[in-house]
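Examining the three-dimensional arrangement
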Amino acid sequence: MHIAIVSQWYPDHNAPQISGGIEMHNYNFSRACTRLGHQVTIISTRRNPGAPFYQKTHENINIFRFRMPNLYRFRRIPIVGRQYRLAQAITYGYLSVRLLKQVNSQRLIDIAEFADIDAPALWWDKKSSRKLAIRCHAPNFVLSKFYMPAEIPYNVRLINRIEKQAIQKADFLTAPSQDLANLIANACRITSSKIHIVPNAVDSVESYRRIKPSQVVNVLFIGRLERLKGIETLIGVVPLVLTDPSMRMLIVGPDRRAYTKIIEERFRRQVTEKRLQLFGALYGDALEKVYQSADICIVPSLYESFSYTVAQAMMRGIPVIASRVGGIPETLNGGRCGILVEPNNPEELAEAILNLAQNPAKRAHLGEAAREYAVSKFSSDVVARQITDLYEELLK
């Protein structure tokens, strides 16, 4: 089967610095598909000016990249700037589908999977012999409910409408959690049974963290430093947890709202003593080194459709404490592989952290259970087989 994955989120194979869950899933899923004997073509954007138009990886993945015009520079123009995301979505949709048609004329594609729920489907020919599948990562019409108005400096109304039309137009839909499927089904007025639930693909890790008693307990947060990821809850947790001299907190992720400066100024002594460490964005071996030092991973998000941070920690045998929101309870197998707490509650989260820190046997048990569940459910080959089996059934 020849699968085309159409998404602006796909890493440069020469230097794969993967940012975000969509890009992570696309990368892991595409490589697993080739291991299962399928042909894979990627249609993506050329974010790196030096990236070639065509690239074939050692896994035999064919990558075609087109150049997107820079519409972001218009965002500060009054009135017009409010529509830049809409213009960007429409332009991206047109260029990606045009390139997909060009590629299809030379190499017959069986199914096109769109990992961006927006304008590409506007340009999709419903009479095409190719099947249109949409991988439903959290769409704008879901996420916009969790952002404050000031955090969305563009008009979402038309983008939301385009996303809903795309979902209604698709031949096939998958989503990483039942929670997300229900939200999409309610918004688009379709039955949730039309959306197949398949988790996101996570690469297996051969060596993983086996929790042992230690004099120092490292608590890890990985994510963008923004409100939706629970950074304000995290700031409230820091003074409650670091009253215990055996605790350390590690914060990894890019900062979009100057939270790093707030944390450094508010907790200057803890930062100086290295009991609170801010690493910024990390990738590859540097990120893995931090993972291997972690005893507990916390995910205080206000919403997650699946949570790669949770799944990656589980794959490494690190016990997780996370918000009871969105798809996180499903990722944690209903709380059997981790601890669930209410969002926006620093006191409850801090209490859960300190209790788990003082119980190494429970940490070890949760870590082992999480690792076993993640390997059986989220491994890239397991996920790829589920999705490709569904696609093959669709093509019959």
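Overview of the structure. Predicted model, so just to flag it, every value in this text is computed and none were measured.

The next subject is the pattern of salt bridges. For the structure shown, the criterion picks out 9 salt bridges. Here arginine 224 makes a salt bridge to glutamate 226, at a shortest N to O gap of 3.0 Å. Judged by relative accessible area, which is 24%, arginine 224 ranks as partly exposed. In this structure, the salt-bridge partner of glutamate 393 is lysine 396, at a minimum N-O distance of 3.3 Å. In the salt-bridge network here, residues are joined through shared partners; they are Arg31, Glu59 and Asp203.

The next thing to look at is the nonpolar core. Among the nonpolar cores identified, the biggest contains 54 residues, and Leu220, Val310, Met314, Val320, Ile328, Leu332 and Phe378 are the most heavily contacted of them. Among the elements that take part in this core, helix H10 (residues 308–315) stands out by supplying 6 residues, more than any other. Setting aside residues up to four positions removed in sequence, valine 320 forms contacts with Cys297, Val299, Val310, Ala313, Met314, Leu332, Gly338 and Ile339. Of all hydrophobic cores here, the second largest spans 36 residues; its members include Val97, Ile109, Ile134 and Ala166.

Under the defined criterion, the tally for this structure stands at 0 disulfides. Cysteine cysteine 33 shares no disulfide, and the gap to the nearest cysteine sulfur, in cysteine 136, comes to 17 Å. Left unpaired, cysteine 136 is separated from the closest cysteine sulfur, that of cysteine 188, by 8.0 Å. Judged by relative accessible area, cysteine 136 falls into the buried class, the value being 0%.

Another aspect to go through is the environment of valine 299. Inspection of the secondary structure assignment puts valine 299 in strand S12 (residues 296–299). According to the relative accessible area criterion, valine 299 is buried, its value standing at 5%. In this structure the C-alpha to C-alpha distance between valine 299 and aspartate 12, which are 287 residues apart in sequence, comes to 28 Å. For valine 299, the residues in contact, after removing those within four places along its chain, are Ser307, Thr309, Val310, Val320, Ile321, Ala322, Ser323 and Ile328.

Both S12 and strand S13 (residues 320–323) contribute to a ladder of 3 bridges, which runs parallel. Residue pairing across strands places cysteine 297 opposite valine 320, the latter belonging to S13. Taking the sense of rotation as the criterion, the β-α-β connection linking S12, H10 and S13 turns out right-handed. Note that S13 and strand S14 (residues 339–341) share 3 bridges and pair parallel. Bridge pairing links serine 323 to valine 341 in S14.

So, about the sheet that holds strand S10 (residues 247–252). Ordered by their spatial adjacency, 6 strands build an open sheet running S11-S10-S9-S12-S13-S14, and the pairing between neighbours is parallel. The two strands at the open ends of the sheet, each matched to only one other strand, are strand S11 (276–280) and S14. Across this sheet, the average inter-strand angle for adjacent strands is 20 degrees, counted without regard to direction. Examined bridge by bridge, strand S9 (residues 217–222) and S10 share 6 bridges and lie parallel to one another. Across the sheet, phenylalanine 221 pairs through a bridge with isoleucine 251, a residue of S10. Along the sheet, helix H9 (residues 284–293) contacts S9, S10 and S11; its crossing angle with S9, the most-contacted strand, is approximately 135 degrees. This element, helix H12 (residues 346–357), spans S9, S10, S12, S13 and S14 of the sheet and lies at about 160 degrees to S14.

The rules behind the values
Residues numbered from 1 in each chain as written. Predicted model: local features only at pLDDT ≥ 70, side-chain atom pairs only at ≥ 80, totals over all residues. Heavy atoms only, no water. Salt bridge = Lys/Arg side-chain N within 4 Å of Asp/Glu carboxyl O. Buried < 20%, exposed > 50% of the residue type's maximum accessible area, 1.4 Å probe, protein only. Core = buried A, V, L, I, M, F, W, Y, C linked by side-chain atoms within 4.5 Å. Helix = DSSP H or I, 4+ residues; strand = E, 2+ residues; numbered from the N terminus. Contact = heavy atoms within 4.5 Å. Disulfide = S-S within 2.5 Å. Pairing = 2+ DSSP bridges. Right-handed = clockwise from strand over helix to strand, strands pointing away. Axes fitted to C-alpha atoms, helices over the stretch in contact; angles between N-to-C directions.

Interpretation in functional terms is not warranted from these geometric data alone.
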